[in-house]
Amino acid sequence: MSQITGSEAVIKSLVAEGVHTIFGYPGGAIMPIYDALYDYKEQVNHILVRHEQGAIHAAQGFARTSETCGVCFATSGPGATNLITGLADAMIDSTPVVCITGQVASHLLGTDAFQETDVIGISMPVTKWNVQVKRAEDIPAALAKAFFIARSGRPGPVLVDITKDAQFGMMDFNYEACKDIRSYFPNPVMDATKIDDAAALLNTAKKPYILIGQGITLANAEQELLEFAEKSGIPVASTLLGLGAFPPNHPQYVGYLGMHGNYAPNIKTNECDVLIAVGMRFDDRVTGDVSRYAKQAKIIHIDIDFAELNKIVTNEVSIHADAKEALALLTTKVEKRTHESWIQEFRDAEKLEVEAVIEDAIHPKHDRLQMAEVVNMLSEKTEGQAIIVTDVGQHQMVTSRYYQYKAHNTNVTSGGLGTMGFALPAAIGAKLGNPSKTVVAIIGDGGFQMTIQELGTILQFKIDIKILILNNNFLGMVRQWQELFFEKRYSFTDIVNPNFTQIAKGYDIEAKKIDQRVELSEALDTMLSSKAAYLLEVVVEQEENVFPMVATGASVSEIRLN
């Protein structure tokens with residue numbers, strides 16, 4: 001067997017894992033790997049981003065829509081540290097990403113050499129696993145382990161840091177996919193007696209309630225969820241990342257949970273008698289004041305991550321299992337029931353929200369455009385089938401409320417970390433991960449400028465994404481809090497923006513700016529029908545607020561309609 005360099009072993013290992021797209025930015029410490037990549041252009045598509053944070057967010061978007069691992073490259077020092085925000089984002093949102101960083105030669109480690117940082121130490125809290133490789137012969141096994149860990153069990157990001165001498169070293173290449181790791185058990189053995197206990201509670205409940213999270217999507221358990229819900233007759237509500245896992249037009253769907261979620265699913269949390277949570281982690285944005293959260297209910301929690309069970313709330317029944325497997329068995333155990341009067345309580349509460357908030361939001365009585373009407377119209381025009389990538393802020397909450405996700409894996413957002421700047425690079429990855437789908441990045445004027453340089457990536461690689469900027473010339477979510485809780489002391493939240501359309505045209509991207517309602521429908525049609533990247537800037541009301549709202553420290557029962 002002829003020997004190859006460690007650098008070529010990296011590329012051959014990636015090819016063996018089925019990787020065909022990599023996002024990255026070259027530099028000195030990873031240059032040997034990039035040199036090896038030169039000979040694999042026909043097999044691997046490398047996307048040159050404009051910033052390493054763009055690389056990992058793009059890898060996240062790719063992973064979320066392709067249901068494979070996203071892969072990115074970065075060099076040592078600042079290149080590696082620029083990945084940290086994306087690693088933290090991927091960690092908390094359970095996104096499988098494999099990051100490969102170059103490192104200074106092993107004899108220079110710890111000497112403060114040029115562009116040396118302890119990326120292993122820095123990234124340890126925000127990765128599912130990381131490792132530093134100092135010998136060429138250890139590269140294939142390290143990468144095989146990285147892919148296995150990233151995508152098994154509860155998915156997450158991993159980082160493999162490879163010293164320069166390991167990249168140059170010679171080795172006999174042999175790649176074996178990793179199938180198990182001692183003391184790591186990503187696929188729990190479900191305790192069937194726990195399923196019986198859960199079924200017993202549900203079969204006697206008068207007001208049972210299903211809460212779903214992204215774990216449904218990650219487990220590909222949408223069909224199992226639908227069958228379980230329809231047999232049991234229980235109402236279903238979704239977290240932010242769970243949107244799209246259950247049909248929004250289903251008669252048992254009661255809405256979106258959380259700080260800016262729907263009125264009914266929030267208040268009814270504190271009125272149900274049995275609450276079954278599947279693939280969600282009881283984030284503080286869902287629970288509000290946890291000391292006053294669902295205290296009257298017996299809680300059943302299904303999660304593949306044992307650490308999430310009994311972490312935030314105390315469970316009556318904890319089921320450590322894959323959501324698909326658990327729901328399939330639970331469906332055979334529950335009785336065929338209907339809960340029409342209980343669901344009607346949700347509908348009655350929903351009417352209050354429609355009258356107090358929704359009707360005015362999507363059909364405003366004044367001349368100024370509102371975010372809700374823009375998103376609502378986009379939802380209608382795409383029939384809920386587009387991949388929607390949102391940034392972080394008011395527009396994110398408005399989109400989660402007014403876009404009707406009707407297709408699998410079409411909701412891509414930064415949930416747990418709330419990373420401004422996520423959407424533009426993540427949309428690039430989402431499009432490359434699912435090129436047949438329409439991809440729309442919905443972004444605020446603040447977040448857009450955090451990764452605006454990735455327009456250069458769109459230019460170079462001719463990536464057909466639609467960019468919808470909802471511009472209120474404010475850092476809108478912070479401004480809303482300042483209005484409500486800081487006596488309208490708008491401290492450094494008003495933002496002077498550049499000419500976004502001119503900037504887009506500088507990157508050879510067609511663009512249009514509108515500020516009148518009469519222009520909206522045609523402008524959205526033009527954007528959606530474009531065969532290339534398109535930027536539409538919609539100037540919206542400056543002081544529009546997102547309601548309902550659960551204030552920090554409040555109970556979900558105290559959700560405000562205004």
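For the structure itself, look to the data block above.
Predicted model only: the values in this text are computed from it and were never measured.

## Structural notes on the environment of G456
Okay, so step 1: With respect to the helices and strands, G456 occurs in helix α20 (residues 455-461).
Okay, so step 2: For the pair G456 and L48, spaced 408 residues apart in the sequence, the C-alpha separation amounts to 9.3 Å.
Okay, so step 3: Apart from residues lying up to four places away in sequence, G456 is in contact with R50 and Y507.

## A short note on the side chain of H301
Okay, so step 1: Within the fold, H301 resides in strand β13 (residues 298-303).
Okay, so step 2: Exposure remark for H301: the relative accessible area of 0% places this residue in the buried category.
Okay, so step 3: A polar contact of 2.8 Å, which involves the side chain of H301, links it to the backbone oxygen of M280.
Okay, so step 4: Filtering out sequence-adjacent residues up to four positions away, H301 remains in contact with A277, M280, F282, E308, L309, N315, V317, S318 and I319.

## What to know about the pairing of strand β12 (residues 274-278)
Okay, so step 1: Within β12, five of the five residues are buried, which leaves it mostly tucked inside the rest of the structure.
Okay, so step 2: The side-chain alternation of β12 yields two buried faces, one formed by V274, I276 and V278 and the other by L275 and A277.
Okay, so step 3: Relative to β12, strand β9 (residues 208-212) runs parallel, the two being bridged by five bridges. Paired with I212 across the strands is V278, a residue of β12.
Okay, so step 4: With five bridges joining them, β12 and β13 adopt parallel strand pairing. What sits directly across from A277, in β13, is H301.

## Quick notes on the packing of aromatic side chains
Okay, so step 1: The final tally for this structure, using the stated rule, is twelve aromatic pairs.
Okay, so step 2: Ring geometry for F23 against F62: centres 6.0 Å apart, planes inclined by 65 degrees, an arrangement best described as edge-to-face. Remark: F62 occurs in helix α3 (residues 52-66) and F23 occurs in strand β2 (residues 21-24); sequence separation between them is 39 residues.
Okay, so step 3: Judged by its relative accessible area of 0%, F23 falls in the buried class.

## Describing the sheet that holds β13
Okay, so step 1: Taken together, six strands build an open sheet; the order of strands is β11-β10-β9-β12-β13-β14 and the sheet is parallel. Unpaired on one side and paired on the other, β11 (253-256) and β14 (317-320) mark the two borders of the sheet. With direction set aside, neighbouring strand axes in the sheet form an average angle of 15 degrees.

The rules behind these values
- Here, residues in each chain are numbered from 1, in the same order as that chain's written sequence.
- Since the coordinates come from a predicted model, pLDDT governs what is reported: local features require at least 70, and pairs of side-chain atoms require 80 or more to be given and counted, while whole-chain, interface and lining totals use all residues.
- No hydrogens and no water enter the side-chain calculation; it runs on all heavy atoms of the structure.
- Strands here mean DSSP runs of E at least two residues long; helices mean DSSP runs of H or I at least four residues long; both are numbered from the N terminus.
- By definition in these notes, contact holds between two residues if any of their heavy atoms fall within 4.5 Å.
- Residue exposure (1.4 Å probe, protein chains only): buried if accessible area is under 20% of the type maximum, exposed if over 50%, otherwise partly exposed.
- Any pair of N or O atoms that falls within 3.5 Å is considered a polar contact. Within protein, one atom must be able to donate a hydrogen and the other to accept it, and sequence-neighbouring residues count only if both atoms are side-chain atoms.
- Strand pairing is assigned whenever DSSP identifies at least 2 bridges connecting the two strands.
- Note on aromatic contacts: the rings of Phe and Tyr and the six-membered ring of Trp form a pair at centre separations within 6.5 Å, being stacked when their planes are under 30 degrees apart, edge-to-face when over 60 apart, and tilted otherwise.
- Only the contacting stretch of a helix is used when fitting its axis, a line to C-alpha atoms as for every element, and angles between N-to-C directions run 0 to 180 degrees.

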